[in-house]
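Chains, contacts and geometry: an overview
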Amino acid sequence: MMAALRPDEELGLRVTEMEEEEGMGRGEEQSLQLNLGDLDLTSDEFILDEVDIHIQANLEDSLVQEALKTGVDLRQYSKQVELELQHIEHASIRDYIKESKNITSLHNQITACDAILERMEQMLSSFQCDLSSISCEIQTLQEQSVAMNLRLKNRQAVRSQLSQLVDELVVPAAMISTILEAPVTEQDFLEQLHELNNKMNYVKEQAFRETMACTDVHNVLDRLKVKAVTKIREFILQKIYSFRKPMTNYQIPQNALLKYRFFYQFLLGNERSVAQELREQYVETMSKIYLSYFKSYTSRLMKIQYEEVAEKDDLMGVEDTAKKDILAPCAWKAAFPGTLRGRERYPFESLFRSQHYALLDNSCREYLFLCDFFLVTGPSAQELFNTVMGKTLAMFLKHMDGYVCDCYDSIAIFLCIHIVLRFRAIMAKRNVPAIDKYWDTLLEILWPRFEYILELNIQSIQNTDPQRLGFLDTRPHYITRRYAEFSSAIVSINQTFPNERTHTLLGQLQERAVEESKEVEGFQQLLSARSQEFIEEILSPPFGGMIAFVKESESLIEKGQLDRLRGEEARVTQLVRGFSTTWKASVESLSQDGALTQLIQYYHRFHKVLAQPPLRALPARAELINIHHLMVELKKHKPNF
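By the naming in an unreviewed UniProt entry, the protein chain is Vacuolar protein sorting-associated protein 52 homolog, taken from Mauremys mutica. Quoted verbatim from the Subcellular location (unreviewed entry) heading of the UniProt record, the comment on the protein chain is "Golgi apparatus, trans-Golgi network".

Structure (structure tokens):
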């Protein structure tokens, strides 16, 4: 194997080889004859135009132009240039040889860089291949991820369904022990009963879907249901039977039942026959209790009622010298009898209010209990309430019908009507329509009776014979007082709770009164005239002189003949002194005749006559009794109406 050459030797060897190759090339060129065809420039067919173009381009060169200008021989100049080029070439070669180490180092570096770049190219090619494979793997992973996500969702959906199914179907031991052993009043029993109800409803729902697992727990749930129904039935029946004990406050067991209202809901959803049995037992028990309670309460109330009641002979137009008033003694206490005490006796309207307020209070409580415990609303609730309270309401209506048919006390009937209207408004405010029909039926009994009694009073006035009204009296007649008291009572009661029907009846009564007043107007005028004559006759013995003087003087004053009064001084003095000494004794005898008012009027007119100019200066005027003092004294003797 040949020894390695140095870079300079290698460079010289390469130069020698190049020269040898050039010499060989020239010799081969001389010996080798090539047929270039159209490319042969030495052929005669060479286009000279192209040569001219090259020559022209060389002539335009700056060096050639400068040589031509100096007159230098171009051949000689060409050789000189060729020689310079050779020198430059040899100098360049020497420079290359001189820098051979650097060139060699550069060559080595370039070779190393080529190797590095080649390795990098291989690495990049390998990385590109890896990237392509990674892309495929990523795509594969994405497909696997989508598939896994789908499987996960499916598993979760199945798991939720299966988990709920398992949770609802599994019957824990705590539920079994609580339902079988715990008392129904404990909170754990109520909670487990809720859970049992949910499981049974779920099993029923799944049974329609033909879920096979339901058959595994169906028997267990049925046995638990039977046990729970048995315990609940015994508990509720015990509470219902406790109502039947004497003197029992039935509101307490009712409140206890409301705490366990879910018991009846459980029975209603799982054992309707037992629920119906308990409902019938409750209705039967409470119906008897309410009937017994209100029958006893009503009987006791009637024992403290007034024995004296209004009769048909107590009408306004019926003459009764012993009894001149149709109003019940305690009519004004009927609306609010809150001061009942001791063994006092009370009017029927007071007892009616107490009786029906108890009915209102118990009806509201019972209706709300039935809706809450037995889970009924609307018509169903009303029907159940009527089953419980029907007998009691019928007893109330029978009692009222028996009282009203023989009652002639219109004020009592009217007060009962207003009590019903008020109580109906109270129940409407509480939103309890339980006994609305009862109120309507009661009003249908009371209103016609009230109108009938009004008609009887009107007829009694129409049938009154003026000749049989008794002796003449200046005081209001007892029929007038009856009518005034009656109309005042009706208006006052109606103002506290206005009723349109009452306004209508009062309007009709007023129209009838106006008609009657027109019919008796002539009689009243005659009676007024006769009454005035009667009073004059009564006043004549003690005060006739004063009355005659007053009438004569007023006639002269009207005619303008005041001068004729100047001669009456002695007469006036006698009248003044006589009245001052005898008026008290005379009043004692007049107090029973109702002429005191007329006496005051005459004495006042006597004062006016003495105040006229002809009589104003009389000394006797100082002896006149003060008119106000006379009125006070006469008021003491005025009869009461």
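What follows picks up the thread again.
**Here we look at the nonpolar core**
Counting residues in each nonpolar core, the largest one holds 97 residues, and the members touching the most others are I236, F263 and F266. Per-element accounting of this core gives the leading share, twelve residues, to helix α14 (residues 410–429). With sequence-adjacent residues up to four places away left out, I236 is seen in contact with L257, F263, L267, L278 and F373. Counting 33 residues, the second largest nonpolar core, distinct from the first, contains F549, I600, F606 and L634.

**Remarks on a nonpolar patch on the surface**
On the surface, a cluster of nonpolar side chains totalling about 360 Å² of accessible area is made up of F127, L131, I134 and I138. Counting through the fold element by element, F127 comes out in helix α5 (residues 100–169). Under the relative-accessibility criterion, F127 is labelled partly exposed at 46%.

**Digging into the environment of L442**
Position of L442 relative to the elements: it lies in helix α15 (residues 436–462). Once residues within four sequence positions are removed from consideration, L442 is found in contact with F352, H356, L397, M400 and V420.

**Looking at the confidence of the model for the protein chain**
Taken as a whole, the protein chain shows an average pLDDT of 79; of its residues, 75% reach a score of 70 or greater. Across residues 25–34, where pLDDT falls below 50, the model places zero contacts with residues more than four positions away in sequence or in other chains. Note that pLDDT drops below 50 for residues 321–342; the model gives that stretch 44 contacts with residues more than four away or on any other chain.

**Remarks on the side chain of H356**
Of note, H356 is situated in helix α12 (residues 348–373). By relative accessible area, H356 is classed as buried at 0%. If sequence neighbours within four positions are ignored, H356 has contacts with F396, M400, F423, Y438, W439 and L442.

**Some details on the environment of L443**
Positionally, L443 belongs in helix α15. Assessed through its relative accessible area of 8%, L443 is described here as buried. With 23 residues separating them along the chain, L443 and V420 place their C-alpha atoms 7.5 Å apart. Ignoring any residue separated from it by four or fewer positions in sequence, one finds L443 in contact with I417, V420, L421, R424 and P448.

**Concerning the packing of helix α20 (residues 596–610) against helix α21 (residues 627–636)**
Across the interface, α20 lies against α21 with an axial gap of 11 Å and an inter-helix angle of 175°. Classified by the angle between their axes, α20 and α21 sit roughly antiparallel to one another. Of the residues in α21, those touching α20 at L596, L599, I600, Y603 and H604 are I627, L630, M631 and L634. Across the contact of α20 with α21, the residue classes break down as eight nonpolar, one polar and no charged.

**Some words on the packing of aromatic side chains**
Summed over the entire model, instances satisfying the criterion amount to 30 aromatic pairs. Seen from their ring centres, F369 and F373 are 5.6 Å apart, and the 5° between their planes marks the pair as stacked. Pair noted here: F369 and F373 are both in helix α12, with a separation of four residues, about one helical turn. F373 gets classed as buried once you look at its relative accessible area, which sits at 2%. An aromatic cluster is present here, built from Y250, Y290, Y293, F294, Y297, Y357, F396, F423, Y438 and W439 joined pairwise through their rings. The ring of Y357 has R353 sitting right over it, with the charged end atom 5.7 Å from the ring centre.

**Brief notes about the pattern of salt bridges**
In the structure shown here, the tally under the stated rule is twelve salt bridges. A salt bridge links R233 to E277; the shortest N-O distance between them is 2.7 Å. Separated by 44 residues along the polypeptide, R233 in helix α8 (residues 214–242) and E277 in helix α11 (residues 272–302) bring together distant segments of the chain. Judged by its relative accessible area of 30%, R233 falls in the partly exposed class. The salt bridge involving R424 is made with D440; its shortest N-O contact spans 2.9 Å. Of this pair, R424 sits in helix α14 while D440 sits in helix α15; the two residues are 16 residues apart in sequence, bridging distant segments of the chain. You can call R424 partly exposed: its relative accessible area is 28%.

**Remarks on unusual backbone geometry**
A positive phi angle, close to 55°, is found at L375, a residue other than glycine. Within the fold, L375 resides in the loop between α12 and α13 (378–404). With a relative accessible area of 41%, L375 lands in the partly exposed category. One non-glycine residue, N431, lies in positive phi territory at about 60°. Within the secondary structure, N431 is located in the loop between α14 and α15. Judged by its relative accessible area of 64%, N431 falls in the exposed class.

**Digging into the side chain of K199**
Tracing the backbone shows K199 in helix α7 (residues 187–207). Ignoring any residue separated from it by four or fewer positions in sequence, one finds K199 in contact with D167, E168, L169, V170, P172, M175 and L221.

**Considerations on the packing of α11 against α13**
Packed helices, taken two at a time, are described by the angle between their axes plus the distance between the axes. Relative orientation of the contacting elements α11 and α13 amounts to 20°, with a least axis distance of 8 Å. Classified by the interaxial angle, the pair formed by α11 and α13 is roughly parallel. Crossing angle aside, the handedness with which α11 passes α13 is right-handed. On α13, the residues touching R279, V283, M286, S287, Y290, L291, F294, K295, T298 and M302 of α11 are L384, T387, V388, M389, K391, T392, M395, F396 and H399. Residues belonging to the contact of α11 with α13 are distributed by class as follows: eleven nonpolar, five polar and three charged.

Procedures and definitions
- Residues numbered from 1 in each chain as written.
- Predicted model: local features only at pLDDT ≥ 70, side-chain atom pairs only at ≥ 80, totals over all residues.
- Heavy atoms only, no water.
- UniProt positions renumbered as here; feature names shortened; annotations may be inferred.
- Core = buried A, V, L, I, M, F, W, Y, C linked by side-chain atoms within 4.5 Å.
- Buried < 20%, exposed > 50% of the residue type's maximum accessible area, 1.4 Å probe, protein only.
- Helix = DSSP H or I, 4+ residues; strand = E, 2+ residues; numbered from the N terminus.
- Contact = heavy atoms within 4.5 Å.
- Patch = residues over 30% accessible without salt bridge, like charges linked within 9 Å, V, L, I, M, F, W, Y side chains within 5 Å.
- Areas by Shrake-Rupley, 256 points an atom, 1.4 Å probe, with all protein chains shown as cover.
- Salt bridge = Lys/Arg side-chain N within 4 Å of Asp/Glu carboxyl O.
- pLDDT = per-residue confidence, 0-100.
- Axes fitted to C-alpha atoms, helices over the stretch in contact; angles between N-to-C directions.
- Parallel < 35°, antiparallel > 145°, perpendicular 65-115°, else oblique.
- Nonpolar A, V, L, I, M, F, W, Y, C, P; charged D, E, K, R; others polar.
- Phe/Tyr/Trp six-rings, centres within 6.5 Å; stacked < 30°, edge-to-face > 60°.
- Lys NZ or Arg CZ within 6 Å of the ring centre and 35° of its normal.
- Left-handed = near helix turned anticlockwise from the far one by under 90°.

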